[in-house]
Amino acid sequence: MNIKIISVGKLKEKYLIQGIQEYVKRLQAYAKIELIEVPDEKAPENLSDAQMRQVKEKEGERILSKIKEQEYVYALAIEGKNPTSEAFAKQINQLGIQGKSHLVFVIGGSLGLSEAVMKRSNTQISFGKMTYPHQLMRLILVEQIYRAFRINTGAPYHK
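Procedures and definitions
- Residues numbered from 1 in each chain as written.
- Predicted model: local features only at pLDDT ≥ 70, side-chain atom pairs only at ≥ 80, totals over all residues.
- Heavy atoms only, no water.
- UniProt positions renumbered as here; feature names shortened; annotations may be inferred.
- Helix = DSSP H or I, 4+ residues; strand = E, 2+ residues; numbered from the N terminus.
- Buried < 20%, exposed > 50% of the residue type's maximum accessible area, 1.4 Å probe, protein only.
- Contact = heavy atoms within 4.5 Å.
- Salt bridge = Lys/Arg side-chain N within 4 Å of Asp/Glu carboxyl O.
- Expected span 1.5 Å × (residues − 1).
- pLDDT = per-residue confidence, 0-100.
- Phe/Tyr/Trp six-rings, centres within 6.5 Å; stacked < 30°, edge-to-face > 60°.

The name that an unreviewed UniProt entry assigns to the protein chain is Ribosomal RNA large subunit methyltransferase H, with the source organism given as Enterococcus durans ATCC 6056. In UniProt, the protein chain has this text filed under Sequence similarities (unreviewed entry): "Belongs to the RNA methyltransferase RlmH family."

Here it is, written out as structure tokens:
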């Protein structure tokens, strides 16, 4: 399986980088992992709705340029489905069985994802109704992907 995680913005926090690197290392036994950062759009603090849409559209174009036609895309969005770890693992396993072995996970910037990215996604998932910093979300996501592979192989990690 090939997994690509596309996220907006540069990760600077050392502790998050170390955590992500640890899970990427663990995941290499199950899948090829590629982490892609696209630049965030610089914007002032107080934006109008039109300006917010413009920022998301520019970031969205950068994201979409990294996605290939045959890739199955998960958009992380608060309004997405909120699967259990087991259901998430089952879905990843089913995609592999169906021959969809190129998965892309997209984490937007602080304003979220553009309409174009949401339309391109095959599935929208949420990790709950709470808001997480998008930098922290990378670590949570990579851990959940690792957990999914461990569940699918019957390994004791999940317990």
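A few words on the UniProt feature "binding site: S-adenosyl-L-methionine" (unreviewed entry) in the protein chain. Here, UniProt's "binding site: S-adenosyl-L-methionine" (unreviewed entry) annotation points to Leu76, Gly108, Phe127, Gly128, Lys129, Met130, Thr131 and Tyr132. Relative to the helices and strands, Gly108 is located in the loop between strand S4 (102-107) and helix H4 (115-120). Gly108 gets classed as buried once you look at its relative accessible area, which sits at 8%. Sequence-distant contacts of Gly108, defined by excluding residues within four places in its chain, comprise Val8, Leu113 and His134. As for its placement among the helices and strands, Phe127 is situated in the loop between strand S5 (123-125) and helix H5 (134-152). Those residues in contact with Phe127 that lie beyond four places of it in its chain are Leu76, Asn82, Tyr132, Met137, Ile140, Leu141 and Gln144.

A few words on the pattern of salt bridges. Applying the stated rule across the entire model yields ten salt bridges. Its salt-bridge partner being Glu22, residue Arg26 comes within 3.0 Å of it at the nearest N-O pair. Placement of the pair is Arg26 and Glu22 together in helix H1 (residues 14-27), with a separation of four residues, close to one helical turn. Residue class for Arg26 comes out partly exposed when judged on its relative accessible area of 31%. Glu22 sits in the partly exposed class, given a relative accessible area of 30%. Among the ionic pairs, Arg147 bridges to Glu143, the shortest N-O distance being 2.9 Å. Taken together, the residues span about one helical turn, with Arg147 and Glu143 both in helix H5 at a distance of four residues.

With that settled, consider H5. Since the α-helix turns once every 3.6 residues, residues separated by three or four places project in the same direction. The terminal C-alpha atoms of H5, which comprises 19 residues, lie 27 Å apart, in line with the 27 Å expected from a rise of 1.5 Å per residue. Across the 19 residues that make up H5, a large majority, 14, are buried. Gly154 lies just past H5 and shows a positive phi near 70°.

Here the protein chain shows a mean pLDDT of 94. Residues at 70 or above account for 99%. Confidence, read as mean pLDDT per element, is least for helix H2 (residues 49-64) in the protein chain (94) and greatest for S4 (98).

With that settled, the discussion passes to the packing of aromatic side chains. According to the stated counting rule, one finds seven aromatic pairs in the structure shown. Their ring planes at 20° and their centres at 5.6 Å tell us that Tyr30 and Phe149 sit as a pair that is stacked. Separated by 119 residues along the polypeptide, Tyr30 in the loop between H1 and strand S2 (32-38) and Phe149 in helix H5 bring together distant segments of the chain. Exposure remark for Tyr30: the relative accessible area of 22% places this residue in the partly exposed category. Residues Tyr72 and Tyr74 carry aromatic rings whose centres are separated by 5.4 Å and whose planes lie at 65° to one another, so their mutual orientation is edge-to-face. With relative accessibility at 12%, the residue Tyr72 sits in the buried group. Of the residues examined, Tyr74 reaches a relative accessible area of 0% and is grouped as buried.

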